[in-house]
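# Fold and geometry: a report
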Amino acid sequence: MHLVAEYAQQFRRFQRNARLFLISNALSGVTAGILLVLYNLYLVSLGYHTDFIGAVLFVGTIGAGLTIFPAGICVDRFSSKAILIGSSALIGLAGAGQILFRQPLPLLISAFVAGIGLAFLLVVTAPFLTANSAPEERSHLFSMNISLGLVTLVLGEILGGALPTWFRSLPSLMAPLPSWADSLLASQPDPRSYQLALLFAGAIAAPSFIPLFMLSNDRPPSRRGGGGAEEGRGRLRRPLWGPLRRPLWADISFSFTISRIKTLLHSPFFFLVLVYVLTGLGAGLFIPYFNIYFVQHLKASPALFGLIDGGANAITALFTLLAPLLAKRTGKINTIALTRLASIPLLLTIGLTSSLPLAALLYLFRQGVMDMSVGILQVFSMESVSEKNRGLANSSYQVGFQVPWALAAPLGGLIIVYFGYTPVFLLGAFCYILTIIILWSRFGHGKGGRADKAETTPHPIQETATL
């Protein structure tokens, strides 16, 4: 209760834009939870296998990957409010297509469009929260943002696990369709029940737009505004990996000199991107197939998996709230590395066991231990670059995560089809271990204290040549 009271006080102290964003994130979390539990199972009910599901994930992530850098440029130049509203609307429209379309090509096209919207949403979030918070409150703000999303995600997962069974029990919804509705809803009971549950999920996301429209317009000021010139339209004026004063785009043509490449490869930015790359590669191999693994391989019902995954997200939300306290004691980097290390044995046991109770018990805690420091990593990643470059830097981080995820997801589906589930868990654990080695070797031990001081420098990019 003391922890909840502390975060409630923090919420009241957050800036108005930050509070509205948190509310919107919480309102959309229920929809995300329903989709997370049911969408892969819906595709399976249509007769698709994990290889096609992997292709859908791949196409969606490619759409996001191709848009990441343009999204970063837009975030550094234009209003975050407009980007948040536009990207959310695009995701909603594409999501409707993913639910109503049942043929392979339309499913792939709508997944690609949804990826475009997701790219903008992913890139804008961290810079927006950083810009609308003070340094001393960022760890709590980022952690609360994740935790609120997870709590409502839990509600959505529990609801999502029960909805198909409930819809299937209603004769009026399972009755033969009129001719005009045949092209929209599936005729078979199983896929139709999933469709109706997913459409319900889309409908309840509508209130999340209200706080977004209430945001104040935070478009960067023009250079003519005086003191805010360098923080406004000049955000892209400096190269990402050094304190030179030449324009970024003028520098690109000269950036591939030996010395500049060496500078980049030895910069903290490079190693942070590498951490995101290996995390996305490992996660893409098995995370998209967890629901299928539990339902088809371990013989859990969709409702039971909804409860299991919901419980895991609830624990993750609690652990995420505790992460800032742990970071104060051990440092940001050590917190990230230690929590990831603790999750490896849990992941391997889940992937190697055939016992549903054991896998369910460990699944509850694996996600929480692995993901509790995500907010801390986001804070460290944002504070390691100057404000004017955060959009483009976050694009780099997201590309580093999303593209390997896109490549690994279909690969994971193929591995499961031909070799089973064990290899994807082993390979995923190996990638996570590599991220721990990088974090400890580059930022940890004696270097950890110095790295954690990034938040105290006004422009870390200039002080440490981070990028």
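Residues numbered from 1 in each chain as written. Predicted model: local features only at pLDDT ≥ 70, side-chain atom pairs only at ≥ 80, totals over all residues. Heavy atoms only, no water.

### Quick notes on the overall build of the chain
A tally of regular secondary structure across the chain gives 21 helices and 0 strands. For the chain, buried positions account for 54% of its 467 residues. For the chain, contacts bridging at least 24 residues in sequence account for 81% of all contacts bridging at least 6. Total accessible area on the chain stands at roughly 19,600 Å², and carbon and sulfur atoms take up 70% of it. (Helix = DSSP H or I, 4+ residues; strand = E, 2+ residues; numbered from the N terminus. Buried < 20%, exposed > 50% of the residue type's maximum accessible area, 1.4 Å probe, protein only. Contact = heavy atoms within 4.5 Å. Areas by Shrake-Rupley, 256 points an atom, 1.4 Å probe, with all protein chains shown as cover.)

### Regarding the pattern of salt bridges
For the structure shown, the criterion picks out 1 salt bridge. The shortest N-O distance in the salt bridge between Asp190 and Arg168 comes to 3.0 Å. Pair noted here: Asp190 is in helix 8 (residues 189-203) and Arg168 is in helix 6 (residues 138-168), with a separation of 22 residues, a long-range link. Asp190 gets classed as partly exposed once you look at its relative accessible area, which sits at 38%. Judged by relative accessible area, Arg168 falls into the partly exposed class, the value being 32%. (Salt bridge = Lys/Arg side-chain N within 4 Å of Asp/Glu carboxyl O.)

### Regarding the packing of aromatic side chains
Tallied over the full model, the rule gives 19 aromatic pairs. Aromatic pair Tyr39 and Tyr42: ring centres 6.1 Å apart, planes at 45°, arrangement tilted. In this pair, Tyr39 and Tyr42 are both assigned in helix 2 (residues 16-45), 3 residues apart and thus about one turn of the helix distant. A single burial state applies to Tyr39 and to Tyr42, both of which are buried. Ring centres of Phe290 and Phe425 lie 5.7 Å apart, and the angle between their planes is 50°; on these two criteria the pair is classed as tilted. Note that Phe290 is positioned in helix 13 (residues 290-297) and Phe425 in helix 19 (residues 422-442), a separation of 135 residues in sequence. For Phe425, a relative accessible area of 3% gives the class buried. The rings of Phe286, Phe290, Tyr293, Phe294, Phe305, Tyr363, Tyr421, Phe425 and Tyr432 are connected pair by pair, giving a single aromatic cluster. (Phe/Tyr/Trp six-rings, centres within 6.5 Å; stacked < 30°, edge-to-face > 60°.)

### Re the confidence of the model for the chain
The predicted model of the chain has a mean per-residue pLDDT of 79, with 81% of residues at 70 or higher. With pLDDT under 50 throughout, residues 453-467 is counted as low confidence; its partners more than four residues away or in other chains account for 38 contacts. (pLDDT = per-residue confidence, 0-100.)

### A word on the packing of helix 2 against helix 13
The geometry of helix 2 relative to helix 13 is characterised by a closest axis approach of 9 Å and an angle of 65° between their N-to-C directions. Helix-helix and strand crossings are classified by hand; for helix 2 and helix 13 the assignment is right-handed. Two secondary-structure elements touch here, helix 2 through Leu36, Val37, Asn40, Leu41 and Val44 and helix 13 through Asn291, Ile292, Val295 and Gln296. In terms of residue class, the contact of helix 2 with helix 13 is built from 6 nonpolar, 3 polar and no charged. (Axes fitted to C-alpha atoms, helices over the stretch in contact; angles between N-to-C directions. Left-handed = near helix turned anticlockwise from the far one by under 90°. Nonpolar A, V, L, I, M, F, W, Y, C, P; charged D, E, K, R; others polar.)

### Digging into the nonpolar core
Within the largest apolar cluster, 110 residues are counted, with the highest numbers of intra-cluster contacts made by Leu43, Phe290, Tyr293, Phe294, Tyr363, Tyr397 and Phe425. Top contributing element to this core by residue count: helix 2, with 12 residues. (Core = buried A, V, L, I, M, F, W, Y, C linked by side-chain atoms within 4.5 Å.)

### A few points about the packing of helix 14 (residues 302-330) against helix 15 (residues 332-352)
The N-to-C vectors of helix 14 and helix 15 enclose an angle of 120°; their axes lie 7 Å apart at closest approach. For the pair helix 14 and helix 15, the crossing hand works out as right-handed. Packed against helix 14, whose contacting residues are Ala323, Leu326, Ala327 and Thr330, the element helix 15 presents Lys332, Asn334, Thr335 and Thr339 at the interface.

### Considering unusual backbone geometry
For Lys299, which is not glycine, the phi dihedral falls at a positive 65°. Among the secondary structure elements, Lys299 is positioned in the loop between helix 13 and helix 14. The class of Lys299 is exposed, set by a relative accessible area of 65%.

### Focus: the side chain of Ser110
Among the structural elements, Ser110 can be located in helix 5 (residues 104-131). Not counting the four nearest positions on each side in its chain, Ser110 is found in contact with Ala94, Gly97, Gln98 and Phe101.

### Let's talk about helix 12 (residues 268-286)
In this model helix 12 runs 28 Å from its N-terminal to its C-terminal C-alpha over 19 residues, within 8% of the 27 Å that 1.5 Å per residue would give. Here helix 12 lies mainly inside the structure; 14 of its 19 residues are buried. (Expected span 1.5 Å × (residues − 1).)

### What about the environment of Val277?
Mapped onto the secondary structure, Val277 falls in helix 12. Considering only alpha carbons, one finds Val277 and Val399, 122 residues apart in sequence, at a separation of 8.0 Å. When sequence neighbours within four positions are dropped, the list of residues in contact with Val277 reads Gly400 and Pro404.

### Here's the deal with a nonpolar patch on the surface
A contiguous nonpolar surface patch, about 480 Å² in accessible area, is contributed by Leu414, Val417, Tyr418 and Phe419. Within the secondary structure, Phe419 sits in helix 18 (residues 390-419). With a relative accessible area of 65%, Phe419 lands in the exposed category. (Patch = residues over 30% accessible without salt bridge, like charges linked within 9 Å, V, L, I, M, F, W, Y side chains within 5 Å.)

### Description of helix 16 (residues 356-371)
Between its first and last C-alpha, helix 16 extends 22 Å over 16 residues, near the 22 Å set by a 1.5 Å rise per residue. Maximal helix bending in helix 16 amounts to about 25°, located at Tyr363. By the burial criterion, the buried members of helix 16 are Leu356, Ala359, Ala360, Leu362, Tyr363, Arg366, Gln367, Gly368, Val369 and Met370. The opening residue of helix 16 is Ser355, an N-cap whose side-chain oxygen sits 3.4 Å from the backbone nitrogen of Leu358. (Bend = angle between axes of the 7 residues up to and from the residue. Polar contact = N/O pair within 3.5 Å; in protein donor to acceptor, adjacent residues only side chain to side chain.)

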